[in-house]
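# An overview of the molecular structure
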Amino acid sequence: QVQLVESGGGLVQPGGSLRLSCAASGSIFSIYAMGWYRQAPGKQRALVASITSGSSTNYADSVKGRFTISRSNAKNTVYLQMNSLKPEDTAVYYCKADARGVLPYWGQGTQVTVSS
């Protein structure tokens, strides 16, 4: 089992920044990739960014150049640095962990609201 705890969401003005954190615990040795997804009201959950155990990254086109995903192996934590935030970035952000031989694990979600 893997437990994921997200933090760092909140209310920010357009153009502002936030950093989300996702701390993993439990059977973390089985994780080979982690990512951030988001779901806005009335929309499907979609990939924002992902990072593999080898630190390869992937981003949604809408966030390229503004968001950066990174990881700290020492802290078993994945981060999402979000800069130049736009109102359309407003969503619940979820952390996901892909582990060998089991269905993905999801965090509980953290709300990000971009509004003036």
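Keep in mind the model is a prediction, meaning the values are calculated, not measured.

## Some points on the packing of aromatic side chains
- For the coordinates displayed, the defined rule picks out two aromatic pairs.
- Between Tyr37 and Trp106, the aromatic rings sit 5.1 Å apart at their centres with planes inclined by 70 degrees, giving edge-to-face as the arrangement. Residue Tyr37 is found in strand β4 (residues 31–39), and its partner Trp106 is found in strand β10 (residues 105–106); the two are separated by 69 residues along the sequence.
- A relative accessible area of 17% places Tyr37 in the buried class.
- One cation-aromatic arrangement involves Arg45 over Tyr94; the distance from NZ or CZ to the ring centre is 3.6 Å.
- Here the guanidinium or amino end of Arg45 rests over the ring plane of Trp106, the centre of that ring lying 4.7 Å away.

## Considerations on the pairing of strand β3 (residues 18–26)
- Sheet topology places strand β1 (residues 2–7) next to β3; six bridges connect them, and they run antiparallel. Looking at the pairing, Leu4 lines up with Ala24 of β3.
- As defined by bridge partners, β3 adjoins strand β8 (residues 77–82) across six bridges and the pair is classed as antiparallel. When the bridges of β8 are listed, Leu20 appears paired with Leu80.

## Here's the deal with the sheet that holds β1
- Pairing is antiparallel in the open sheet, where four strands are placed in the order β1-β3-β8-β7. The open sheet terminates on both sides in strands that have one partner only, identified here as β1 and β7 (67–72). On average, each strand axis in the sheet is tilted by 15 degrees relative to the strand beside it, whichever way the strands run.

## Concerning the pairing of strand β5 (residues 46–52)
- Where β4 lies against β5, six bridges are found, and the strand directions are antiparallel. Along β5, the bridge assignment pairs Trp36 with Ala49.
- Sheet topology note: the β5/strand β6 (residues 57–59) ladder contains three bridges and is antiparallel. Within β6, the residue paired with Ile51 across the bridge is Thr57.
- Between β5 and β6, which pair antiparallel and follow one another directly, the connecting turn spans four residues, one of which, Ser55, has a positive phi of 70 degrees.

## Regarding the state of the cysteines
- Taken as a whole, this structure holds one disulfide when the rule is applied.
- Between the sulfur of Cys22 and that of Cys95 lies a disulfide, 2.0 Å long from S to S. Of note, the bridge from Cys22 to Cys95 carries an S-S torsion of about -80 degrees and is left-handed in sense. Linking Cys22 in strand β3 with Cys95 in strand β9 (residues 91–99), this pair joins segments that are 73 residues apart in sequence.

Rules used throughout
- Residues numbered from 1 in each chain as written.
- Predicted model: local features only at pLDDT ≥ 70, side-chain atom pairs only at ≥ 80, totals over all residues.
- Heavy atoms only, no water.
- Phe/Tyr/Trp six-rings, centres within 6.5 Å; stacked < 30°, edge-to-face > 60°.
- Helix = DSSP H or I, 4+ residues; strand = E, 2+ residues; numbered from the N terminus.
- Buried < 20%, exposed > 50% of the residue type's maximum accessible area, 1.4 Å probe, protein only.
- Lys NZ or Arg CZ within 6 Å of the ring centre and 35° of its normal.
- Pairing = 2+ DSSP bridges.
- Axes fitted to C-alpha atoms, helices over the stretch in contact; angles between N-to-C directions.
- Disulfide = S-S within 2.5 Å.

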